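A look at the structure
Here is what each chain is made of, one letter per residue.
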Amino acid sequence: MTYKPKEITEEVNISKIHPLTNLAQLLGTVVGVSLAIYIALGLAVDAIVPRIPIETEKAIGDSSIASAYLLLGGTPIENDPRISYLQELLNSLQDPEDKIPLTLHFLKSPIVNAAAIPGGHVLVTTAFLDEVKSENELAFVLAHELGHLRNRDGLRGLGRGLVLNLGWSLVFGTSGGGDSSVVGTVINLSSLNYSRSQESAADLSGLNAVIRRYGHGGHSLDLFKRLQDEETDLKVTEYFYSHPFSENRVKKLEKNADKNGWSMQGEKTALPQVFSQ
Amino acid sequence: MEDLIFILSPFFVIGFGYLIGAYFEKQHYESIRKRERQTLHLPVVNYGCKQPLPEAREARLVVGEVVISPDAFKTFVLALRNLVGGRVTVYETLLDRARRESLLRLKEEAIAWGATQVLNVRYETATIGNSSQQGVASLEVIVYGTAIR
Ligand SMILES: [Zn+2]
């Protein structure tokens, strides 16, 4: 038998499918299925969140308060005359139906922001207080955060964030921030960024609380109106990073006040003496 | 904005991996096909234990080795495939290239030595550099046989 060299030209070992088609099919499957799971879990979160007992909410919130400090770039101040004032103002704005005890955290930080963390925690920074000119506008911001607490937006965000984080680590092998603290990363990614409809609901709930407290909504939106005029002011962008600002936010509130017969005119309540020091 | 860049950065790497990886693969296949034609004349034959071996004056061991690494695109597709299961078609070219390239190196070595035949060729594979997390393992193929002249 003699050896006759013969070239093999067909490629039986390589699938004919183009790599990009293959990727598209895979992505389609994976994205489709994860989207379905994400939506299903989102619905589950929405169904579960209103039923979470206050003790559980407090446990979740208390464990994430340290990462919230980090996020707002500050350390809590213990002895400051403004704390008791802020705490009292916060308590007076709480809806009588809400039972959760409120804790005010006053942070020394250059970042202008206020935030609410599950478990009745409300955080305010020193830089934020420097921007505030009257009690009415301060009350509105605090009441807005209370609105988030009331609607449990933080818990919702936490639930969805956990799902997102899990999916991310499944595909890429590490958690989003490359950090060991899953909860910390979750808070970082999502819990302080609420959807537009969540913001509107918190706005409305906030204005309602202000009306309950002062009998009118006058001057409560002054901060927003001022910021609208000087939107380029870099110092205040952090607040609107977590609270997307749109021009019709004020308009929407005024329209709602009109609908509910709330007066948007009234006397300005000054900030107490400790602020002018 | 920074968050967006952070989230999108793996996709830049994957896109880069695809473009560069596909280019190198095309080049490699062109080289493989050309050299396969050039080395076609050398018989590579396996003999069973009851078959008489051909006459030879000299014999020596010839070895061909190759290590091929997947690109970021292939690794990403593999990660997706790991979720749903099934054939990893993008890795087929990798294995195919490694197998053919290693045999080519063996045959080129044998031809340079002046071999008339290569007997009883065997393949071995291994993964090297299997770094625990990212799954960027390289594929190693070793092929060896007995060249005679
Ligand atoms: Zn808000």
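Residues numbered from 1 in each chain as written. Chains lettered and ligands numbered in written order. Predicted model: local features only at pLDDT ≥ 70, side-chain atom pairs only at ≥ 80, totals over all residues. Heavy atoms only, no water.

**Observations concerning the packing of helix α3 (residues 81–93) of chain A against helix α8 (residues 196–214) of chain A**
Relative placement of two packed helices is described by the angle separating their axes and the distance separating the axes. Residue and element names in this part refer to chain A. This is how the line gets drawn: Between N-to-C directions, angles cover 0 to 180 degrees, with each direction set by a line fitted to C-alpha atoms, over the stretch in contact for helices. Counting from the N terminus, the helices are the DSSP runs of H or I reaching at least four residues and the strands are the DSSP runs of E reaching at least two. Oblique is the label for any angle not covered by the other classes, which are roughly parallel (under 35 degrees), roughly antiparallel (over 145) and roughly perpendicular (65 to 115). Residue contacts are counted whenever heavy atoms from the two residues lie within 4.5 Å of one another. Each residue gets one of three labels, nonpolar for Ala, Val, Leu, Ile, Met, Phe, Trp, Tyr, Cys and Pro, charged for Asp, Glu, Lys and Arg, and polar for the others, Gly among them.
Packing of α3 against α8 leaves a shortest axis separation of 9 Å and a crossing angle of 100°. With respect to each other, α3 and α8 are oriented roughly perpendicular. Residues Leu89, Ser92 and Leu93 of α3 form the contact with α8, whose participating residues are Ala209, Val210, Arg212, Arg213 and Tyr214. When the residues that make up the contact of α3 with α8 are grouped by side-chain class, the tally is five nonpolar, one polar and two charged.

**A few points about the confidence of the model for chain A**
All names here are of chain A. Rule in force here: pLDDT is a per-residue confidence score from the predictor, ranging from 0 to 100.
For chain A, the mean per-residue pLDDT works out to 81, and 80% of the residues sit at or above 70. Per-element confidence in chain A ranges from a low mean pLDDT of 44 for helix α7 (residues 182–191) to a high of 93 for strand β2 (residues 103–108). In this model residues 175–191 is a low-confidence stretch, pLDDT under 50, and it forms 31 contacts with partners more than four residues away in sequence or in other chains.

**With respect to unusual backbone geometry**
Residue and element names in this part refer to chain A. Put simply, the test is: Under the scheme applied here, a residue whose accessible area is under 20% of the maximum for its type counts as buried, over 50% as exposed, and between as partly exposed, the area being computed with a 1.4 Å probe on protein chains only.
Phi is positive for Arg152, which is not a glycine, with a value near 55°. Counting through the fold element by element, Arg152 comes out in the loop between α5 (135–151) and α6 (153–172). The buried category is assigned to Arg152, whose relative accessible area is 11%.

**Re the pairing of strand β3 (residues 114–117) of chain A**
All names here are of chain A. For clarity, the threshold we go by: Pairing between strands requires that DSSP locate at least two bridges from one strand to the other.
The alternating pattern of β3 places Ala114 and Ala116 on one face and Ala115 and Ile117 on the opposite face, and all of these are buried. By the bridge criterion, four bridges tie β3 to strand β4 (residues 121–125) in an arrangement that is antiparallel. By the bridge assignment for β4, Ala115 is matched with Leu123. The turn linking β3 back onto β4 is made up of three residues, and Gly119 within it adopts a positive phi angle of 95°.

**Considerations on the side chain of Lys74 of chain B**
Tracing the chain through its elements places Lys74 of chain B in helix α2 (residues 72–84). Each residue touching Lys74 of chain B, except ones within four places of it in the same chain, is listed here: Glu25, Val90, Tyr91, Thr93 and Leu94 of chain B.

**As for the interface of chain B and chain A**
Stated precisely, the cut-off is as follows: Put simply, buried area is how much 1.4 Å-probe accessible surface two parts lose in total, over both of them, once they are put together. When a carboxyl oxygen of Asp or Glu lies within 4 Å of a side-chain nitrogen of Lys or Arg, that pair is called a salt bridge. A 3.5 Å cut-off defines polar contacts: any pair of N or O atoms within that distance qualifies, except that in protein one atom must be a possible hydrogen donor and the other a possible acceptor, and neighbouring residues in sequence count only when both atoms are side-chain atoms.
Opposite the 31 residues of chain B that make contact, chain A presents 27 residues. A buried area of about 2500 Å², summed over both sides, lies between chain B and chain A, and 65% of it is on carbon and sulfur atoms. Counting across the chain B and chain A interface gives three salt bridges. Between Glu11 of chain A and Arg33 of chain B there is a salt bridge, with the nearest N and O atoms lying 2.9 Å from each other. Here chain B and chain A share five residue pairs in polar contact (both at pLDDT 80 or more) between them.

**Things to note about the confidence of the model for chain B**
Here chain B averages 89 in pLDDT, while 94% of its residues score no lower than 70. Reported for the predicted complex are a pTM of 0.60 and an ipTM of 0.77.

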